[in-house]
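So you can see what is in the structure, the chains are spelled out below.
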Amino acid sequence: MTVTLEVSEGVGTVRLDRPPMNALDTATQDRLGELAREAARRDDVRAVVLYGGEKVFAAGADIKEMQAMDHAAMVVRSRALQDAFTAVARIPKPVVAAVTGYALGGGCELALCADFRIAADNARLGQPEILLGLIPGAGGTQRLARLVGPSRAKDLIFTGRHVQADEALTMGLVDRVVPAAEVYEQAHAWAARLARGPALALRAAKECVDAGLEADIDTGLTIERNWFAGLFATEDRERGMRSFVEEGPGKAKFL
């Protein structure tokens with residue numbers, strides 16, 4: 001399999017495994033979407049890590065495969081491509097990308113689907129599709145602009161340049177830079193911590209932020225209000241408040 005899902009401590013690791021560069025061919029894209037939907041369904045998966053291995057996250061699409069496609073073929077394929085990445089972005093649980101080495105083109109777009117990005121100090125990210133006479137097609141023109149702002153997104157997309165980890169951190173493309181040997185460990189620790197949290201509240205928080213960004217402020221506040229009130233019907237809310245009153249803050253156990 002070019003993509004696998006392994007679960008440990010409530011954390012599902014979605015691992016890309018297509019040596020040497022984890023090129024995202026159609027089979028890999030489809031498998032990625034399947035496992036994202038599986039991770040979303042499974043109760044034993046409470047948080048997710050996206051990982052490409054110690055050397056490379058994903059260096060982009062399989063260019064040889066794409067070269068053989070004509071317009072008609074890509075009209076069909078582009079929908080499946082976006083659907084696979086959207087499935088990752090819509091996992092209703094915390095998702096962290098553990099970025100090592102290259103995260104270019106589709107690899108960068110995959111990292112953009114996560115809620116949080118931890119990058120190795122040797123990571124390089126970018127959207128080089130313009131150098132092929134193309135634009136990003138797996139959500140890059142949309143998610144990148146929403147994350148780093150339109151001017152910075154246009155800089156990366158228009159030029160196709162790569163950014164090293166320190167610049168990616170400065171522009172907000174990644175959230176933390178760590179030594180390469182520690183990337184997966186720290187990503188898993190971040191996910192494991194959240195996996196011990198209240199699953200429905202985390203789901204609500206993610207949906208409120210993501211859906212609110214796509215709406216006007218009044219609609220966003222309505223989404224927040226409905227989720228906030230709805231959580232008062234959950235066992236996790238009862239447990240959390242009871243623990244606060246009886247034991248003090250931060251001691252509730254939600255599993």
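Residues numbered from 1 in each chain as written. Predicted model: local features only at pLDDT ≥ 70, side-chain atom pairs only at ≥ 80, totals over all residues. Heavy atoms only, no water.

Caption draft 1: Summary view of the layout of surface pockets. Space inside the largest pocket adds up to approximately 1000 Å³. Together, 32 residues line the largest pocket, and Ala-89, Cys-113, Arg-143, Asp-210 and Glu-214 are the ones closest to its centre. Listing elements by their share of the lining of the largest pocket, those giving two or more residues are helix H3 (71-89), helix H5 (140-148), helix H8 (183-195) and helix H9 (199-213). In terms of residues, the lining of the largest pocket owes the most to one element, H9, which gives 9 residues. There is about 560 Å³ of room inside the second largest pocket. Ala-61, Met-66, Glu-129, Leu-134 and Ile-135 are the residues nearest the centre of the second largest pocket, which is lined by 29 residues in total. Put simply, the parts of the chain that give the lining of the second largest pocket at least two residues each are helix H1 (26-41), helix H2 (63-67), H3 and helix H4 (106-112). In terms of residue count, the dominant contributor to the lining of the second largest pocket is H3 (6 residues). Along the lines of polarity and charge, the residues of the lining of the second largest pocket split into 16 nonpolar, 8 polar and 5 charged. (1 Å grid on protein atoms, 1.4 Å probe; cavity = no way out; pocket = protein on both sides within 12 Å on 5 of 7 lines; lining within 4 Å. Points joined across faces, edges and corners; volume = space filled by probe spheres on them. Helix = DSSP H or I, 4+ residues; strand = E, 2+ residues; numbered from the N terminus. Nonpolar A, V, L, I, M, F, W, Y, C, P; charged D, E, K, R; others polar.)

Caption draft 2: Looking closely at the pattern of salt bridges. Per the counting criterion, the structure on display carries 13 salt bridges. For the salt bridge of Arg-117 with Asp-175, the shortest nitrogen-to-oxygen distance reads 4.0 Å. Of this pair, Arg-117 sits in strand E6 (residues 116-120) while Asp-175 sits in the loop between helix H7 (165-171) and strand E9 (176-178); the two residues are 58 residues apart in sequence, bridging distant segments of the chain. According to the relative accessible area criterion, Asp-175 is partly exposed, its value standing at 33%. Notably, a salt bridge pairs Arg-161 with Glu-167, separated by 2.7 Å at the nearest N-O pair. Several salt bridges share partner residues, and in doing so they unite Arg-18, Asp-25 and Asp-62 into one network. (Salt bridge = Lys/Arg side-chain N within 4 Å of Asp/Glu carboxyl O. Buried < 20%, exposed > 50% of the residue type's maximum accessible area, 1.4 Å probe, protein only.)

Caption draft 3: Looking closely at the packing of aromatic side chains. Tallied over the full model, the rule gives 3 aromatic pairs. When the ring of Tyr-51 is compared with that of Tyr-184, the centres are 4.7 Å apart and the planes differ by 35°; the resulting orientation is tilted. One end of the pair, Tyr-51, is in strand E3 (residues 47-51); the other, Tyr-184, is in helix H8, and 133 residues separate them in sequence. Judged by relative accessible area, Tyr-51 falls into the buried class, the value being 11%. Taking relative accessible area as the criterion, Tyr-184 reaches 27% and is therefore assigned partly exposed. Measuring from ring centre to ring centre gives 5.6 Å for Phe-228 and Phe-232, while their planes differ by 70°; the resulting arrangement is edge-to-face. Residue Phe-228 is classed as exposed on the basis of its relative accessible area of 57%. (Phe/Tyr/Trp six-rings, centres within 6.5 Å; stacked < 30°, edge-to-face > 60°.)

Caption draft 4: Inspection of the nonpolar core at higher detail. Among the nonpolar cores identified, the biggest contains 46 residues, and Leu-50, Phe-57, Phe-85, Val-99, Leu-125 and Leu-173 are the most heavily contacted of them. Element by element, the count of residues in this core is highest for H3, at 6 residues. Among all residues touching Val-99, those that are not within four sequence positions of it are Phe-57, Ala-111, Ile-118, Ala-119, Ala-120, Ala-123, Leu-125 and Val-183. If you look at the next biggest cluster of nonpolar residues, it comprises 16 residues, including Val-11, Val-49, Val-96 and Ala-98. (Core = buried A, V, L, I, M, F, W, Y, C linked by side-chain atoms within 4.5 Å. Contact = heavy atoms within 4.5 Å.)

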